[in-house]
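In case you want the letters, here they are:
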Amino acid sequence: MNDQIVEFSNLLRRNGIRVSPSENMEALRALELVGVGDPHGFRTALRATLVKRFADMRLFEELFELFFLGFGKAVAESDRRLMAQLGLNPKEFQEWLEQVRSLLEHRKDHLSPIARALLAGDMGQVERLLREAAATEDGEAVERRVSVGVYSHRVAVAIQIDRVEQETADFLAWAESRGAAPEILERLARYLDERLKALSQLLRELAEQELRKSSQTPPGRERLEYLMQKSFSYYTAEDIRRMNEVVTQLARRFKNLLSLRRKKADRGRFDVKDTLRKNLQYGGVPFEIQLDRRKREKPQVIVLCDISDSVLNASRFMLQFVYSLQELYSKVRSFVFVSEVGEVTQLFEENEIQTAVEMALKGEVIDVYCHSNFGRAFDMFYREHFSAVTSKTTFLVIGDGRNNYNSPNDWVLKEIQQKAKQLIWLNPESRLTWGFGDSEMARYVPHCDFVEECRNIEQLYKVIDRIAA
Amino acid sequence: MFRSIDDVIRRLGEQKYICNKNVATVVYLACAMQKPVLVEGPAGVGKTELGKVLANSLGLELIRLQCYEGLDEGKALYEWEYAKQLLYTQILKDKVGEILQGSQSLKQAVDRIAKEDDVFFSEKFLLPRPLLRALVAEKSTVLLVDEVDKSDTEFEAFLLEVLSDFQISVPEIGTLRAKHLPLVILTSNNSREMSDALKRRCLHLYLDFPEPQREMEIIKLKVPGVGEKLVEEVAYLLQRLRKLDLKKKPSISETLDWVKALTLLNMKRLDDQLVQETLSTLMKYEGDIRKAEEELKRYLADRKTKLHAAAVESDKDLLH
C-alpha cells in the first residue's frame, strides 16, 4: 500500500500538484485511521492530505480515478453492453457466466492464463496480466512518447493477442464438437466476440493511462534559472505553463519589499492612544512615542498592457504578473489594449490565473485582431479611465511602442505623468531597436519617470525594486 | 473525541449541523491526527459554523481568533498587563522596602530586586490573547482562526510557527508549550492564496454548496414547521440560481432567512408575487436580483408546463 501511495503522489507531482514528503507521510497515517476498506474514506483521506488547493481538486479526482479505479469503468461498461447484446438481466448473466466457466474448466489445458481469465470474465486477473506485460515492456516506450496506438500494439504483442484469438476460436469449435444446442452456440459466439473486443479496448485504455501517468516531467531548479534569463519571445508553450511559479515568487517579493519599507518608516502622526498604552510600563511617563503608521500606503497600480501579436509572450507573462499583483493588493486595475482599451480587473478577480490570462489574450474584452495603435489606446484611456489615476498611482505601461505610424498621442502620457506618482514603461524589445521603424519610443520616453527594457524575468526583478520604491 | 466517521456525522447532527461524509472524514482525521484543518469554500456554506459546532459537540471551549489586515502578535498572542504590574508594585511598596532593607549600596539593592523580578514578569501579568489562551488552557480547546486569508503574510508566517510546534516563546518567561493540543480550524474565503508552508501543515477541506437533498434536510431542520412542498421547490430553485452568473451566490444562511420569511408570510408554494417581493433577503445586489427574477420566471413557467403535463398524464390514467 505504501508504495502505491508514494507512486500516486509522484503521479500528482508529475501533473503539477505539489506534494511534500511530509504530506505523503500524513496520507499514510490518515489511511491507517480511515482504513482502506472504505473507498469513500480512502479517497477523502488522500484528498485532504495531498491536495491543498481548490484549483487542483479536479485534477486530483481525475488522477485518482486513473490510478486507483483502473479499468473499473471500462469493465463495467463492457459487461453492460454484453448483457444488452445477449438480452440477459444481471442475474441471468451471472448464471450464464457460471455455465461458461464450467465449460472453460474442461479446456483449461488448452488456454493461456490471459485467455482463460478473459473468457471467464475475471477482469481483475486480466488487468493484472496486462499491467505485468506493460511493466516489462514499458520504460523506454513511455520515455519516447509513442502514440497510444503504438503503445497498445506493443502490449498486445507482449500478451500474444493472436494466440488469445486463436484459442478463443478453438474453444468455440470445441464447444460445437461437443454438440451444444445451436442457440447456445450462437450466444457463446457472440459472448466470445464481445470479450475479445473488450480486451482490445482495455489495451487502449491501459496505453492511455500509462502515457498519461508519465505525461510530464517535474520542473527542476535549473529549469527555473534558465527561464529567468530566457527572452520572453522565445518562450515555448511548456515554459509558459511553468511560469506560474516564478510569477508568484515575483509578486511575493514585490509585497515583501513594501512591508520591509513600512517597518523602517519612522514618520507618521502622533498616536495618543498607543503612546499612553505603551508607556504604562513606565508609569505613564511617555518615554516611547508611538506613531500612527497603520495607514500603510498601498500601491495603487494601474497597468496598461499591450497584447498585440508582436509582444504576445511578454504580455502573457506580464498579465500573469499583474494577476498575482491583483491577488495581493486590492487596488490594482488592469487594462489591456491593442487598438482599443478594455479593463480586465474583474475578469482576473473571477477566474483562475491560466483561464483569466487566456481569456484576456483571446479577445474576451477587446478586439485583438487589429493592428496595435498606442495613440488610439492612450486617447481612449484618457477619455474613459483617466479619473482612476490619482497622485498615489503607479502607472505601468507594458508594450513595444510600435504604433504602426498612427498618431502617437504622447500628450496623454504627459497628463498621466503629471497626475500620477510615477509612470513606468516596460518594453519587451531590445533597447537598440527603440526609435527605429514605427517605434515611437523616442516620443514616449521623455514623459516617463522610468523606462526599462524588460525582456526576461531577471530584468523584471530589477524593475520591481523600482516600482516598489 | 470522535470514535468513527459515522460518529462525527451523528454528533454534529445532534448539534443541528448536517454534514456529508467528506466533511465528517476530514473532521475525524483532524481529531485523530491532531492536525489543523484549513476549510475553504464560498461565503456562507457554514465554514465558521463547523468550528462552533465542533466545539459544542465535543464539549470543548471555543476560542475564536478573527483575522483582519493588520492583526499582529500583540492582539493574537499575548500582552503584558502593565497597569496591573504597576498597581502591584504600588501596593507592595512596603514589601519591596523590606527586601531592600539593609542593602549597603545601590548595586546590592539592584541585585536584590533583580532576584525578584520574575514575580513581575510571570504568567500572572500576562494577558493571554486567543492563541495563547488556546495553548495554555487546562482542557483541550477548539481554536477557530476565522478568515485567515484576511491576515497579512507576516502574521501567516507567525501562525505557522504556532501551528507546527504548538509552542510560543515569550522572551521574559521562556517557552510556553501547549498542555493540550487544541483542535484548530482555519477558515478562508480564498481572497488570497495561502502559503504552501501553511497548507502543508493542514488538512484541507473544501466546503461547497450542499446538494439539493442535503439542503432540504438543512432547511427542514433549521426552520421547523416549513411546508414539505415549499422546501422542495426552494431547494430546486436555489440550484438553478447558483448556476447563474451572480456577483454573490445565495448562501445557506440567506436561504434560511428567505425560507423563514416565506413561512412567516404563510406561503405553501412559491408564487410569483410574494417571491419577487422577498427576493431581497436572498440576494444582496440589484443586478443579482434582476437576474434572479428572470430565472424565477423561467422556473415558474417550467413548473407550469410540467404541472400541465402531469395533469394530462393523470387525466389519461383516469380514462383508462
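Keep in mind the model is a prediction, meaning the values are calculated, not measured.

**Let's talk about the overall build of chain A**
Looking only at helices and strands, one finds 22 helices and eight strands in chain A. For chain A, the residues scored as buried account for 33% of the 469 residues in total.

**A short note on the interface of chain B and chain A**
The extent of an interface is frequently quoted as the accessible surface area lost upon association of the parts. Tallying the contact residues gives 25 residues for chain B and 26 residues for chain A. Those elements that provide at least two residues to the side of chain B that touches chain A are helix 2 (21–33), helix 5 (82–91), helix 9 (153–165), helix 10 (196–201) and strand 9 (203–206) of chain B. Among the elements that take part in the side of chain B that touches chain A, helix 2 of chain B stands out by supplying seven residues, more than any other. Tallied by class, the residues present in the side of chain B that touches chain A amount to 11 nonpolar, six polar and eight charged.

**What about the sheet that holds strand 2 (residues 61–66) of chain B?**
All names here are of chain B. The five strands are arranged 2-5-8-1-9 in an open sheet whose pairing can be described as parallel. Strands with a single pairing partner mark the edges of an open sheet, and in this sheet they are strand 2 and strand 9. Between one strand and the next, the sheet's axes are offset by a mean angle of 20°, whatever the strand orientation. Direction of pairing for strand 1 (residues 37–40) relative to strand 8 (residues 183–188): parallel, over a ladder of four bridges. Among the inter-strand pairings, Glu 40 is bridged to a residue of strand 8, identified as Ser 188.

**Remarks on unusual backbone geometry**
Residue Asn409(A) is not a glycine yet carries a positive backbone phi of 50°. Relative to the elements of secondary structure, Asn409(A) occurs in the loop between strand 6 (393–398) and helix 20 (411–419). On the basis of neighbour counts, which here come to 22 C-beta atoms within 10 Å, the residue Asn409(A) falls in the buried class. For Lys16(B), which is not glycine, the phi dihedral falls at a positive 60°. Here Lys16(B) lies in the loop between helix 1 (5–14) and helix 2. Using a count of 12 C-beta atoms within 10 Å as the deciding quantity, one classes Lys16(B) as exposed.

**Here's the deal with the confidence of the model for chain B**
Here chain B averages 85 in pLDDT, while 96% of its residues score no lower than 70. Confidence metrics for the complex model read pTM 0.65 and ipTM 0.79.

**Some thoughts on the pairing of strand 4 (residues 332–337) of chain A**
All names here are of chain A. The buried fraction of strand 4 amounts to six of the six residues, a majority that puts the element mostly inside the structure. Residues Val 332, Ser 334 and Val 336 line one face of strand 4 and the alternating positions Arg 333, Phe 335 and Phe 337 line the opposite face, and both faces are buried. As defined by bridge partners, strand 3 (residues 300–306) adjoins strand 4 across six bridges and the pair is classed as parallel. Bridging from a neighbouring strand, Leu 304 pairs with Phe 335 of strand 4. Pairing analysis gives three bridges linking strand 4 to strand 5 (residues 341–343), with the strands arranged antiparallel. Bridging across to strand 5, Phe 335 finds its partner in Glu 343.

**With respect to the confidence of the model for chain A**
Looking at chain A, the pLDDT average stands at 79 and 85% of residues meet or exceed 70. Every residue in residues 216–222 of chain A scores below 50 in pLDDT, and together they form eight contacts with partners more than four places removed in sequence or on other chains.

**Notes on helix 13 (residues 252–264) of chain B**
Residues and elements named next belong to chain B. Helix length check: helix 13, at 13 residues, gives a terminal C-alpha distance of 18 Å against a target of 18 Å (1.5 Å per residue), a fit within 8%. Along helix 13, the residues that are buried comprise Ile 252, Thr 255, Leu 256, Trp 258, Val 259 and Leu 262. Projected down its long axis, helix 13 shows its buried positions confined to an angular sector of 165°, all on one face. On the buried face of helix 13, the contacting elements are helix 11 (212–222), helix 12 (228–243) and helix 14 (272–282).

**Some points on the packing of helix 2 (residues 21–34) of chain A against helix 3 (residues 39–50) of chain A**
Residue and element names in this part refer to chain A. Where helix 2 meets helix 3, the closest approach of the two axes is 9 Å, and the angle between their N-to-C directions is 155°. Here helix 2 is positioned roughly antiparallel relative to helix 3, judged by the angle of their axes. Like other packed secondary-structure pairs, helix 2 and helix 3 cross with a definite hand, here right-handed. Packed against helix 2, whose contacting residues are Glu 23, Glu 26, Ala 27, Ala 30, Leu 31 and Val 34, the element helix 3 presents Gly 41, Phe 42, Ala 45, Leu 46, Ala 48, Thr 49 and Leu 50 at the interface. Along the lines of polarity and charge, the residues of the contact of helix 2 with helix 3 split into nine nonpolar, two polar and two charged.

**Notes on the nonpolar core**
Judged by nonpolar contacts, the single largest core of 85 residues is most densely connected at Val26(B), Leu29(B), Val37(B), Ile185(B), Leu186(B), Leu205(B) and Ile219(B). Here the element with the most residues in this core is helix 2 of chain B; it accounts for seven residues. In this structure Leu29(B) touches Ala30(A), Leu33(A), Val34(A), Ala45(A), Ala48(A) and Leu203(B), once residues within four positions along its chain are discounted.

**Section: the packing of helix 1 (residues 2–14) of chain A against helix 4 (residues 57–69) of chain A**
Residue and element names in this part refer to chain A. Look at helix 1 against helix 4: their axes get within 11 Å of each other, and the N-to-C directions meet at 135°. Looking at the two axes, helix 1 sits oblique to helix 4. Crossing handedness for the pair helix 1 and helix 4: right-handed. For the pair helix 1 and helix 4, contact is made by Phe 8, Leu 11 and Leu 12 and by Phe 60, Leu 63 and Phe 67, respectively. Here the residues of the contact of helix 1 with helix 4 are counted per class, giving six nonpolar, no polar and no charged.

**Quick look at helix 6 (residues 90–106) of chain A**
Taking 1.5 Å of rise per residue, the 17 residues of helix 6 of chain A would be expected to cover 24 Å, and the 25 Å separating its terminal C-alpha atoms lies within 8% of that figure. Counting buried residues in helix 6 of chain A gives one out of 17 residues, a small share hidden from the surface.

What counts, and where the lines are drawn
- Residues numbered from 1 in each chain as written.
- Chains lettered and ligands numbered in written order.
- Predicted model: local features only at pLDDT ≥ 70, side-chain atom pairs only at ≥ 80, totals over all residues.
- Helix = DSSP H or I, 4+ residues; strand = E, 2+ residues; numbered from the N terminus.
- Buried ≥ 20, exposed ≤ 12 C-beta atoms within 10 Å, placed from the backbone.
- Contact = placed C-beta atoms within 7 Å.
- Nonpolar A, V, L, I, M, F, W, Y, C, P; charged D, E, K, R; others polar.
- Pairing = 2+ DSSP bridges.
- Axes fitted to C-alpha atoms, helices over the stretch in contact; angles between N-to-C directions.
- pLDDT = per-residue confidence, 0-100.
- Expected span 1.5 Å × (residues − 1).
- Arc of directions from axis to C-beta.
- Parallel < 35°, antiparallel > 145°, perpendicular 65-115°, else oblique.
- Left-handed = near helix turned anticlockwise from the far one by under 90°.
- Core = buried A, V, L, I, M, F, W, Y, C linked by C-beta atoms within 7 Å.

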